[in-house]
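A structural walkthrough
Each chain, letter by letter, is given below.
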Amino acid sequence: MSFIETRGNDGIKPNEVEFSYAILNPSASFGGLYIPKSLPNLGEDFIESHKNKSYKELAFDILTAFKVDIEENDLQTALNLYDNFDDKSNPSPVVKVKENLFVNEQYHGPTRAFKDMALQPFGSILSAIAKKRNEKYLILAATSGDTGPAALNTFKNKEGIKVACLYPVGGTSDVQRLQMVTEDGENLKVIGINGNFDDAQNALKNLLASETFKTTLGEKHTKLSAANSVNFGRIIFQIVYHFWSYIELLRQNEIENGEKIYLTVPSGNFGNALGGYYAKKMGLPVEKILITSNENNVLTSWINDGVYDLNDKTLVLTKSPAMDILKSSNIERIMYDMFGSDRTKELMEDLNSKNSFVLSIDEKAKLQSEFSATFSDDTYGLKTIKNYLEDGYLMDPHTATCIKAYETLMDKPLKNVVYSTAEWTKFSPSVLNALNDDSMKYKDIDALKIISDKYNIKVPTMIQNVFDAKVRHTVEINIDDLEKEIVSFI
Ligand SMILES: *Cc1c(COP(=O)(O)O)cnc(C)c1O
């Protein structure tokens, strides 16, 4: 199947590309993104025939339906990485929590956040094709805390790949920082930036645009690629688990095949939600996709008001930092799908020049036929964590935003699958604030122990181990020194 571009073609880049091209060169004409030219149709029969299949078989069949140009054994090797999750027969289990409320726990992989669901197999495939082509790639990543550990984990010691990962000093949890700075692998470079996440992300963008940097990379025969969710190689794996949620409900006799369900997605860059949208278009019986945000609620206004306006907006730091975002990349793919490439280019150019865009009444109605949205502030989120733990279910602050959607956005009494994107262990100080109703600054190591002792909940070994692991990356620099630092690494 071929891939085309959200903002149309500039006459310089190829008109249509294969999957491998799109993932190695993720930036498309006019600053756009790659999208599939069409979607495979996988409705009730496909779902029925996968009731007794494993997660890996489901993923294999979905990727095959997209006709990706990846050799079968490379695909199998990539999917075998799901065997390293807590339960290899069920890498993202769906748990019933309340009447009509189910949680798909997406954090059972090596770095305890949902980024592993896609980055594990994606990293394996990207390095397999780079190796076959005898090419060298530098992957740049800026992280607010979850993408970094997941990208380092998947690419460590992969031939032909180097990763430079930037994180804001003081801007991540202790666990997230330790996951990065203790990761070993000759091909990894972790760099603390003096500044916030926006500064790190801007520094990365400037580097991507720097001519001297490109020349230097060229001299070292190294190409650039990206591991964030602008890369369709991540999105394709994010379609799979939405099918899995539905099949799990079928297996648990909670629904009949064909019965519609809600999906609730705590959103930032909108990759997770986009995967759900594609799954729905491919035939998954979904009533609506419910989108939750924190106080950085740009997505709420995009869906509820048809307005995306960054003027006078400043990023608020919340207890759900992975959703602290103002520019959400993957909404562009939704707008392409609904409004076409000319209109998408126009809207995205408005966003660049005026810092805002406004949808027409018809466009807004179309968006609202697929999505509903709300947001939750920290007070609501922390109260939710406490209330649900009293009933025996522990969730992290990102997952907690979804409960607002469960409580306020469902028009029909259908089953709702909420996505739990991180394990509580990555955000234990905030969870302890919720349980104690205080605002103390706990250390991760203390909060983990207090919660696990009091509630008799085990902390997984990979989290315990980061506190004793050897620190391998100590570089903390100012943004001006970034280019020099990365050049000396490659
Ligand atoms: C990345 C992340 C999100 C946001 O996911 P998107 O696909 O970018 O919308 C939500 N929660 C957690 C814990 C994350 O790491």
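See the structure above.
Residues numbered from 1 in each chain as written. Predicted model: local features only at pLDDT ≥ 70, side-chain atom pairs only at ≥ 80, totals over all residues. Heavy atoms only, no water.

Quick look at helix H8 (residues 197-209)
In a regular helix each residue adds 1.5 Å, so 13 residues correspond to 18 Å; H8 covers 19 Å between its end C-alpha atoms and thus fits that length. For H8, the full list of buried residues reads Phe197, Ala200, Ala203, Leu204 and Leu207. Projected onto a plane normal to the axis of H8, the buried residues spread over an arc of 125° and lie on a single side. Residues of H8 that are exposed and point more than 90 degrees away from the buried face comprise Asn206 and Ala209. (Helix = DSSP H or I, 4+ residues; strand = E, 2+ residues; numbered from the N terminus. Expected span 1.5 Å × (residues − 1). Buried < 20%, exposed > 50% of the residue type's maximum accessible area, 1.4 Å probe, protein only. Arc of directions from axis to C-beta.)

Some details on the site of the ligand
The full set close to the ligand counts 15 residues, and Lys115, Asp146, Gly268, Asn269 and Thr421 are the nearest of them. Gly271 is positioned such that a nitrogen or oxygen atom in its backbone is 3.1 Å from an oxygen atom of the ligand. Side-chain polar atom of Thr421 to a nitrogen atom of the ligand: 2.8 Å apart, as the coordinates give it. Contact with the protein chains covers 96% of the free accessible surface of the ligand, which is 380 Å². Among the residues forming the shell around the ligand, the class breakdown is 6 nonpolar, 7 polar and 2 charged. (Near = heavy atom within 4 Å. Polar contact = N/O pair within 3.5 Å; in protein donor to acceptor, adjacent residues only side chain to side chain. Areas by Shrake-Rupley, 256 points an atom, 1.4 Å probe, with all protein chains shown as cover. Nonpolar A, V, L, I, M, F, W, Y, C, P; charged D, E, K, R; others polar.)

Description of the pattern of salt bridges
In this structure the tally under the stated criterion is 23 salt bridges. Residue Arg7 is joined to Glu332 by a salt bridge in which the shortest nitrogen-to-oxygen separation is 2.8 Å. Linking Arg7 in the loop between strand S1 (3-5) and helix H1 (19-24) with Glu332 in helix H14 (residues 331-339), this pair joins segments that are 325 residues apart in sequence. Judged by its relative accessible area of 3%, Glu332 is buried. For the salt bridge of Lys156 with Glu183, the shortest nitrogen-to-oxygen distance reads 3.0 Å. (Salt bridge = Lys/Arg side-chain N within 4 Å of Asp/Glu carboxyl O.)

Topic: the pairing of strand S5 (residues 136-142)
Counting buried residues in S5 gives 6 out of 7 residues, a clear majority hidden from the surface. Alignment of S5 against strand S8 (residues 222-226), held across 5 bridges, turns out to be parallel. The residue of S8 that forms the bridge with Leu140 is Ala226. Two strands pair when backbone bridges link them, and S5 and strand S6 (residues 161-168) are joined in this way by 6 bridges, in the parallel orientation. Looking across to S6, one finds that Ala142 is bridged to Leu166. Handedness of the crossover joining S5 and S6 through helix H6 (residues 147-155) is recorded here as right-handed. (Pairing = 2+ DSSP bridges. Right-handed = clockwise from strand over helix to strand, strands pointing away.)

Section: the packing of helix H17 (residues 378-390) against helix H18 (residues 397-408)
At a minimum axis distance of 8 Å, the contact between H17 and H18 shows a crossing angle of 90°. Taken together, the axes of H17 and H18 are roughly perpendicular relative to one another. Mapping the contact onto sequence places Tyr380, Gly381, Thr384, Ile385 and Tyr388 in H17 and Pro397, Ala400, Ile403, Lys404, Tyr406 and Glu407 in H18. Class assignment for the residues of the contact of H17 with H18 results in 7 nonpolar, 2 polar and 2 charged. (Axes fitted to C-alpha atoms, helices over the stretch in contact; angles between N-to-C directions. Parallel < 35°, antiparallel > 145°, perpendicular 65-115°, else oblique. Contact = heavy atoms within 4.5 Å.)

Concerning the sheet that holds strand S9 (residues 261-266)
Ordered in space as S3-S4-S14-S9-S10-S13, the 6 strands form an open sheet in which the pairing is mixed. The open sheet has two edge strands, strand S3 (94-98) and strand S13 (371-375), and neither has a second partner. For this sheet, the mean inter-axis angle between neighbouring strands, taken without regard to orientation, is 25°. As judged from the 5 bridges shared by strand S10 (residues 286-293) and S13, these two strands associate in the parallel manner. Pairing of Leu290 across the sheet is with Ser372, part of S13. Across the sheet, helix H16 (residues 361-370) is in contact with S10 and S13; its angle to S13 comes to roughly 85°.

Structural notes on the packing of aromatic side chains
Taken as a whole and judged by the stated rule, the model has 16 aromatic pairs. Seen in terms of ring centroids, Phe3 and Phe19 are 5.9 Å apart; in terms of plane orientation they differ by 45°. Their pairing is tilted. Of this pair, Phe3 sits in strand S1 while Phe19 sits in helix H1, placing them 16 residues apart in sequence. Phe3 sits in the buried class, given a relative accessible area of 0%. Here Phe19 falls in the buried class, since its relative accessible area comes to 1%. Ring centres of Phe270 and Trp302 lie 5.5 Å apart, and the angle between their planes is 85°; on these two criteria the pair is classed as edge-to-face. Of this pair, Phe270 sits in the loop between S9 and helix H12 (271-281) while Trp302 sits in helix H13 (residues 298-305); the two residues are 32 residues apart in sequence, bridging distant segments of the chain. Owing to a relative accessible area of 1%, Phe270 belongs among the buried residues under this scheme. Here Trp302 falls in the buried class, since its relative accessible area comes to 0%. Three or more aromatic residues joined by ring pairs make a cluster, and in this case those are Phe3, Phe19, Phe66, Phe232, Phe270, Tyr277, Tyr278, Trp302 and Phe371. The ring of Trp244 carries the charged tip of Arg251 above its face, separated from the ring centre by 4.5 Å. (Phe/Tyr/Trp six-rings, centres within 6.5 Å; stacked < 30°, edge-to-face > 60°. Lys NZ or Arg CZ within 6 Å of the ring centre and 35° of its normal.)

This is a description of form; function is not addressed.
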